[in-house]
Amino acid sequence: VQLQASGGGLVQAGGSLRLSCKATGTILSVFSTGAWDWYRQAPGKQRELVASITSGGSKTYVDAVKGRFTASRDNAKRTVYLQMNSPKPEDTAVYYCKGFIYSSNYWGRGTLVTVSS
């Protein structure tokens, strides 16, 4: 199983950006039952959980992004998304996706998001 995150880049504060994380090497039924997370790691800080989406579609968010970020999933495309609206400079970080499938955690390589003020 490989996870490829994409969509990062430079965005102005108040803009929007959508991150994608596509899983390859897994079949639809397994992807559909997986739980998927988005993490981020800012320079000099520990990696933190930003958003989670369960197989049933339930979502949770860290307080810092509630109301601005939205996690979603498209099982048919084996892809999870993180819609970032109204990003702030403090959202600047490398964003990683993580999937829990086959009773194991799989991490993507990360995509850099830089928010300019």
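Described in the following lines is the structure provided in the data block.

The rules behind each value
- Residues numbered from 1 in each chain as written.
- Predicted model: local features only at pLDDT ≥ 70, side-chain atom pairs only at ≥ 80, totals over all residues.
- Heavy atoms only, no water.
- Disulfide = S-S within 2.5 Å.
- Helix = DSSP H or I, 4+ residues; strand = E, 2+ residues; numbered from the N terminus.
- Buried < 20%, exposed > 50% of the residue type's maximum accessible area, 1.4 Å probe, protein only.
- Phe/Tyr/Trp six-rings, centres within 6.5 Å; stacked < 30°, edge-to-face > 60°.
- Lys NZ or Arg CZ within 6 Å of the ring centre and 35° of its normal.
- Pairing = 2+ DSSP bridges.

Turning our attention to the state of the cysteines. The tally for this structure, following the rule as stated, stands at one disulfide. Disulfide partner of Cys 21: Cys 97, at an S-S distance of 1.9 Å. Across the disulfide from Cys 21 to Cys 97, rotation about the S-S bond amounts to roughly 60°, and the bridge is consequently right-handed. Residue Cys 21 is located in strand 3 (residues 16-24), and its partner Cys 97 is located in strand 9 (residues 93-101); the two are separated by 76 residues in the primary sequence. Accessibility assignment for this pair places Cys 21 and Cys 97 in one class, buried.

Time to look at the packing of aromatic side chains. Scanning all chains against the criterion turns up three aromatic pairs. On the numbers, 4.8 Å between centres and 55° between planes, the contact of Tyr 39 with Trp 107 is tilted. Here Trp 107 lies in strand 10 (residues 104-107) and Tyr 39 lies in strand 4 (residues 35-41), a separation of 68 residues in the sequence. A residue is classified by how much of its surface remains accessible, and Trp 107, at 39% relative accessible area, is partly exposed. Here the aromatic cluster, defined as three or more aromatic residues joined through ring pairs, consists of Tyr 39, Tyr 96 and Trp 107. Just above the ring of Trp 107 sits the side chain of Arg 47; from NZ or CZ to the centre is 4.8 Å.

Let us look at unusual backbone geometry. Positive phi, close to 50°, is recorded for Ser 86, a residue that is not glycine. Its location among the elements puts Ser 86 in the loop between strand 8 (79-85) and strand 9. We note that Ser 103 has phi near 60°; this positive angle belongs to a residue other than glycine. For Ser 103, the location among the structural elements is in the loop between strand 9 and strand 10.

What follows deals with the pairing of strand 4. Across the seven residues of strand 4, five count as buried, placing the element largely inside the fold. Direction of pairing for strand 4 relative to strand 9: antiparallel, over a ladder of seven bridges. Opposite Asp 37, over in strand 9, you have Lys 98 as the bridge partner. Where strand 4 and strand 5 (residues 48-53) come together, five bridges link them in antiparallel fashion. Note that in strand 5 the partner of Trp 38 across the bridge is Ala 51. Turn length for the strand 4-strand 5 hairpin, with the two strands adjacent in sequence and antiparallel, is six residues, and the turn residue Gly 44 shows positive phi of about 75°.

The values are spatial; any link to function lies outside them.
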